[in-house]
Amino acid sequence: MAAVVTRTVLDRLVSLKESPAPRLLLLTDTVEVCGRGLLYCLVCAHLRAGTHVLYLTTSFNPVELRQHIKDDDTAGKIEFYDGATDPCGWDSGESAECVTKSLPEVMRSRCKAGGKVAVVVDRLEHLMLHQDSGQLVRGLHTLARESEVEQVVVYCGRDVVCEDMLEAVTHLASGVLHLRHTQPCSCAVLVRKTSGKVIKAQEEFSLTPDFRVQGVKPTQNTGQVGVPADTSASSDPTPESLLAATTFSLSLTDEQRRAKNELLLPHTRVQTEGGQILYTPDQEDDWDEDDPDDDLDI
Amino acid sequence: MSGVGAVSSFHKRGKARVVSIPGARPSVHNSQLLLSTGMPSLDHLLGGGLPVGSILLVEQDRHDVYSKLFLKYYLAEGVMSGHMLTLASLDESPQTLMATLPASTDREVDEDSATTTDQQMTIAWRYQSQSAPPTSLASANRFSHNFDLLGTMEEDQVAKVDTCLFDGSEVESAASTGYYWPLLQQIERRIADGGLSTACNKAKTNVMRLAVHGLASPLWGWEFSRLEKDHQWHRLTTFLYGLRALVRSSFSVCMVTVPSHLFHDMALLRRLQALADFVVRLESFQGSDKETNPIFKDYHGLFHVVKLAAINTLVPPLLDATDWVFKLRRRRMVIERLHLPPELSETVSRSQEDTLTKPNTLACMGDKLPRNLEF
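Computed from a predicted structure; not experimentally measured.

Asker: Before we go on, may I ask you to explain the sheet that holds strand β3 (residues 78–82) of chain A in this structure?
Answerer: Backbone-to-backbone hydrogen bonds join strands into a sheet, with any given pair of strands oriented parallel or antiparallel. All names here are of chain A. Judged by pairing direction, the sheet is mixed, and its nine strands sit side by side in the order β3-β2-β4-β5-β1-β6-β7-β8-β9 without closing on themselves. Edge positions in the sheet fall to β3 and β9 (213–218), since each of these pairs with one other strand and no more. With direction set aside, neighbouring strand axes in the sheet form an average angle of 20 degrees. Pairing analysis gives seven bridges linking strand β7 (residues 186–192) to strand β8 (residues 198–207), with the strands arranged antiparallel. For Ser-186, the partnering residue across the bridge sits in β8 and is Glu-204. The sheet strands contacting helix α5 (residues 103–111) are β2 (52–57), β3, β4 (117–122) and β5 (149–157), and the helix crosses β4 at an angle near 150 degrees.

In structure tokens:
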């Protein structure tokens, strides 16, 4: 389905113009390409729109994240759930509640406080280490259905998370962003609307330093992952490239071409005289036109 | 073959039982009581309709777009016929499903025809003393209704029907028992409350339509994955087995949709198929390479008939085609026969001829070969 509307799918998705916004959005990357930039884009968009962001982090501690995501001059504020500093309770003696308890339990008190919130789960695969996968999936689903929750963004690496989990979350998610390892950066977008329409697109994009997406356009040749241009040229030989490779000359100079065109070949002389039909009648031929059937023996 | 007009001299003892269940009709093949699925084309494929006491398993398409429509048709038909409804879904809120049923287009038509006949009565004075034609009776005995996907059914019409919704929120012990067993208990209670069990001697005036949406999805349990084996499947298969037993022994039908594309182990799907009476699979073209194939440009997906039940007969109803497709029009969804045009173009046949004749000519020509080559 070509996404040649005024705005592209990714643009609408990241700037929260897609209405209604997908309640559960899955963002995946791989080892080769990092999706953190796009994740911060989504977070910043929510903050600018005045939505409070509940950020559950398992890989960086909140101090570090605050250097990237600034909420000083935005309407919405960000709130961190620290699952990175001491998830297993080796220092405090008690494992971090935000990773062991189910997501709705962790977030419910904050959700009920009023106002729209967006939930970000930074690294799903880390949560899986602490929770039963069924409970985790159910938690995501319940959270996304709460009326106060604008959007739940789940971030994970699709090459490190277990395949069943990825399929389960993809099945439940209404929006999926798979970041692809291409040059320039691109991603596969899938949006399932409530009306039943499914939008699929492959789009290139670039990020600005203040975490906005710009220059989104549909990817031209899908499926080619960073193929260098010169290899594709050599694989498809043209007459010119073949001529250059030979050791003898196959081309003509102007003088030679003129001489060749002026040469009168034997058969061309016959053609210029015009044609005539030569016919020698046979003895058996019947030339009597009155009765064409007189040779019939009835 | 016995004559069409021949009447058997054997009669059942006692008086013939007249079934007066709205929206039901006996099958012409095997006297089974049939209910409509809401889609005439699907009814036709299933041999006239869904027999009371059977389970229809629908394997969902990848994004659950079209299978949801099948479910809504089924429920809307139940609402129009005034059946009892029980809907269970964890993926989608059952309230939303019930609120977005397709609108019925029958009622307006009936009212229109009634008013026109009234007007005709006043003109045709000779028939004034005659009773009015029984339009109401005909509509009450209607087997299936027409639905319009553009509109949604009015709320008060849906509210009139005895409905029970299950979304898992009342289940406190979900961690230990899962959702399967509580749902089964709830269905059993519904059947007992409605007096629908065949063991109950009361005359049946209604049937129950059960609908389970997205069974065995990740929210129900982890059965679909490759890590879980029989000890987990057991809950799901037990549920379906119990459901079948309940449906068989009561005046109810059931439609179950499963996201079979998630299943890693096909054995699980085979078990579910074995437990259901009718199995159909939807394969939508959304995003697949078949979408671009010109053969399929008018359609939205393939419709596979996996299993048809043979109830009271030796063989299931025979279908006159093997390839079926479904298509979503603006107002309704239909299942059609897919006709693949035969490959009769010249290029294809010639290439086949060449491959066949080439070795022959070479072998037959033998000594002629040098003469034909002119230098």
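Still to come is the rest of the account.
Asker: It is not clear to me how unusual backbone geometry should be interpreted in this structure. Could you clarify?
Answerer: Residues apart from glycine generally show negative phi values, whereas peptide bonds are mostly found in trans. Here the bond from A:Gln183 into A:Pro184 is cis, since omega is 0 degrees, no more than 30 degrees from zero. Tracing the chain through its elements places A:Pro184 in the loop between β6 (175–180) and β7. The backbone of B:Asp64 shows a phi angle near 55 degrees, a positive value even though the residue is not glycine. On the basis of neighbour counts, which here come to 23 C-beta atoms within 10 Å, the residue B:Asp64 falls in the buried class.

Asker: Honestly, the nonpolar core in this entry has me stumped. Any pointers?
Answerer: The tendency in soluble globular proteins is for nonpolar side chains to be buried as a group. Counting residues in hydrophobic clusters, the biggest one holds 147 residues, and the most contacted among them are A:Leu140, A:Val153 and A:Val154. Broken down by element, this core gets its largest block of residues, ten residues, from helix α2 (residues 66–81) of chain B.

Asker: Sorry if this is basic, but what is going on with the confidence of the model for chain B here?
Answerer: Caution is warranted with low-pLDDT regions, since their predicted coordinates should not be read in detail. Residues and elements named next belong to chain B. The predicted model of chain B averages 78 in pLDDT, with 73% of residues at 70 or higher. By mean pLDDT, helix α5 (residues 135–140) is the weakest element of chain B at 39, and strand β4 (residues 55–59) is the strongest at 96. Considering only residues more than four positions removed or in separate chains, one finds that residues 1–6, a stretch of pLDDT under 50, has zero contacts. Overall, residues 109–141 carries pLDDT values under 50, and its contacts beyond four positions in sequence, including any with other chains, amount to ten contacts.

Asker: Please clarify how the sheet that holds strand β13 (residues 324–328) of chain B should be interpreted in this entry.
Answerer: Residues and elements named next belong to chain B. An order of β8-β5-β9-β10-β4-β11-β12-β13-β14 is seen for the nine strands of this open sheet, with the pairing classed as mixed. Where the open sheet ends on each side, the last strands, each with one partner, are β8 (163–166) and β14 (333–337). In this sheet, adjacent strand axes meet at a mean angle of 20 degrees when their direction is disregarded. Examined bridge by bridge, strand β11 (residues 278–284) and strand β12 (residues 301–307) share six bridges and lie antiparallel to one another.

Reading the values: rules and limits
- Residues numbered from 1 in each chain as written.
- Chains lettered and ligands numbered in written order.
- Predicted model: local features only at pLDDT ≥ 70, side-chain atom pairs only at ≥ 80, totals over all residues.
- Pairing = 2+ DSSP bridges.
- Helix = DSSP H or I, 4+ residues; strand = E, 2+ residues; numbered from the N terminus.
- Axes fitted to C-alpha atoms, helices over the stretch in contact; angles between N-to-C directions.
- Contact = placed C-beta atoms within 7 Å.
- Buried ≥ 20, exposed ≤ 12 C-beta atoms within 10 Å, placed from the backbone.
- Core = buried A, V, L, I, M, F, W, Y, C linked by C-beta atoms within 7 Å.
- pLDDT = per-residue confidence, 0-100.

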